[in-house]
Amino acid sequence: MNGFPFIKMHGLGNDFVVLDGRGGALALDSGQVREIADRHKGVGCDQVILIEKTGTGLADVAMRIFNADGGEVEACGNASRCIAALLMDELKRDHLIIETKSGLLDAEEGPDGAITIDMGRVKLDWRDIPLSEAADTLHLPISMGPLSDPVAVNVGNPHAVFFVENAESIDLPVVGPLLEHHPLFPGRANIEIVQVLSPKKIRVRVWERGTGVTMACGTGACAALVAANRRGMAGRKAEIVLDGGSLTVEWMKDDHVMLSGPVEVSFTGNLPRHLLS
């Protein structure tokens, strides 16, 4: 077989090129990731996901996550759900544990086929977002045009959640990259534009750091629910309506946040060898 096999998957349009490196060391540099993720010259995706053998006896598999700009990041809720679905099918199980840079994630498949990931405990202290200086994470001193007063949440990666009356009115491709690189975020940030439709239904648009506007973002959905609950605008469980469809998020009493929704395999193929050489 020519080339290196890959699987293209997505969670509500948040799409991934999955590479299986469990058979041997597979090193990816930022240039190779950018080529694979390129939607005109490569396969095209929001993130490239590398499956590896776990380094601990506590997990079934390990995964590494690379944004389209080539940078490696700690967490991705939809990618974790995709990998969980892939491995559950392979192992003929409905539960497994995934090792990530942000920690161990429990995953299970529900009777309706939805994949649920326990994204772990959310972090709300300014040091854990992280921020470049001490600030109230419930009311960050950031303003840009119609956006102001965001909530900061870390769901394995940093998020700034802005509440608006009409999410569709915000020019996200313009404000997203500026806010991502705001000086208050030394590691940059994912940006959520949030309109609370009801205590149980929230509209969210996402600018994902290193990727851009995405059809869906699992950690962004989690951050939006947590932020809305902290502001007294929503309960601890809600439907999160993203550009690509809906996810269900629940912020548990132990501070763990549960992310549930569908995943799909788009297609499979083989990467030209030069992309991985």
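Residues numbered from 1 in each chain as written. Predicted model: local features only at pLDDT ≥ 70, side-chain atom pairs only at ≥ 80, totals over all residues. Heavy atoms only, no water.

1. Regarding the environment of Pro-173
By secondary structure assignment, the location of Pro-173 is in helix α3 (residues 172–180). For Pro-173, a relative accessible area of 48% corresponds to the partly exposed category. Taking the C-alpha atoms as reference, Pro-173 lies 7.3 Å from Gly-212; in sequence the two are 39 residues apart. Contact partners of Pro-173, with chain neighbours within four places excluded, come to Trp-207 and Val-213. (Helix = DSSP H or I, 4+ residues; strand = E, 2+ residues; numbered from the N terminus. Buried < 20%, exposed > 50% of the residue type's maximum accessible area, 1.4 Å probe, protein only. Contact = heavy atoms within 4.5 Å.)

2. Regarding the pairing of strand β1 (residues 4–11)
As paired strands, β1 and strand β19 (residues 264–271) are joined by seven bridges and run antiparallel to one another. The residue of β19 that forms the bridge with Met-9 is Val-265. Both β1 and strand β2 (residues 14–20) contribute to a ladder of five bridges, which runs antiparallel. Residue pairing for β2: His-10 is matched across the bridge by Asp-15. Joining the antiparallel neighbours β1 and β2 is a turn of two residues, in which Leu-12 adopts a positive phi near 60°. (Pairing = 2+ DSSP bridges.)

3. Brief notes about helix α1 (residues 30–37)
Buried within α1 we find Gln-32, Val-33, Ile-36 and Ala-37. Taken around the axis of α1, the buried residues stretch over an arc of 130°, which confines them to a single face. Here the buried face of α1 lies against β2, β3 (47–52), β4 (61–67) and β19. Sitting at the head of α1, Asp-29 places a side-chain oxygen 3.1 Å from the backbone nitrogen of Gly-31. (Arc of directions from axis to C-beta. Polar contact = N/O pair within 3.5 Å; in protein donor to acceptor, adjacent residues only side chain to side chain.)

4. A short note on the pattern of salt bridges
Per the stated rule, a full pass over the model turns up 16 salt bridges. Note that Arg-39 and Asp-15 form a salt bridge whose closest N and O atoms lie 2.8 Å from each other. Of this pair, Arg-39 sits in the loop between α1 and β3 while Asp-15 sits in strand β2, and the two are 24 residues apart along the sequence. Take Asp-15: its relative accessible area is 7%, and that puts it in the buried class. (Salt bridge = Lys/Arg side-chain N within 4 Å of Asp/Glu carboxyl O.)

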